[in-house]
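# Chain and residue survey
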Amino acid sequence: MFIRDLETCLEGIRKINQHNQIVIESLKKENSELKEKHYKDTEMKDMKHRLDKMQKDYWRGFPISEEEQKAIKDWKRKHDEQDHGYTPEIRMKAEGCSGGRYKYVFVPTSLGVSGRIVCHCGVEFEFQEIG
């Protein structure tokens with residue numbers, strides 16, 4: 001039977017404890033780095049989503065939001081039907097391949113941008129109000 005003295009045993013325990021502390025600190029540091037990387041990835045995804053949305057708005061020409069685009073489309077349909085008597089089929093023929101029956105007017109000011117669509121008959125719809 002092999003018996004060690006108490007000091008030798010305690011020294012062995014101290015060395016194991018010291019090694020474990022080093023491993024714990026290393027794992028804490030690695031965990032922190034992984035969390036930071038994940039946060040950056042999440043932040044980058046959010047920024048990319050916002051960039052894509054903004055690019056869609058700008059690809060329409062002057063910045064027109066999706067809600068404004070829907071309001072314009074609805075107004076044009078109602079205006080064509082009520083004021084010009086166009087059915088959907090006639091409306092397509094009246095537009096032609098190049099359009100041109102409507103013009104967009106944007107007025108940038110120090111308070112914001114006003115946006116209107118004007119029919120060739122003079123009736124207009126303000127889809128983007130300042131304020």
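Please read all numbers here as calculations on a predicted model, not as lab measurements. (Residues numbered from 1 in each chain as written. Predicted model: local features only at pLDDT ≥ 70, side-chain atom pairs only at ≥ 80, totals over all residues. Heavy atoms only, no water.)

Here the structure, examined in full by the defined rule, presents four aromatic pairs. In textbook terms, an aromatic cluster arises when at least three aromatic residues are bridged by ring pairs, as seen for W75, Y102 and F125. (Phe/Tyr/Trp six-rings, centres within 6.5 Å; stacked < 30°, edge-to-face > 60°.)

Of all hydrophobic cores here, the largest spans eight residues; its members are I64, I72, W75, Y102, F106, I117, C119 and F127. When residues of this core are traced back to their parent elements, those giving at least two are α2 (66–83), β1 (102–109) and β2 (112–119). When sequence neighbours within four positions are dropped, the list of residues in contact with W75 reads Y102, I117, C119, V123, E124 and F125. (Core = buried A, V, L, I, M, F, W, Y, C linked by side-chain atoms within 4.5 Å. Buried < 20%, exposed > 50% of the residue type's maximum accessible area, 1.4 Å probe, protein only. Helix = DSSP H or I, 4+ residues; strand = E, 2+ residues; numbered from the N terminus. Contact = heavy atoms within 4.5 Å.)

What the rule picks out here adds up to nine salt bridges. Here E25 and K28 are joined by a salt bridge, their closest N and O atoms 3.9 Å apart. Taken as a pair, E25 and K28 lie in helix α1 (residues 6–59) at a separation of three residues, close to a single helical turn. By relative accessible area, K28 is classed as exposed at 52%. (Salt bridge = Lys/Arg side-chain N within 4 Å of Asp/Glu carboxyl O.)

Coordinates in, geometry out; function isn't part of it.
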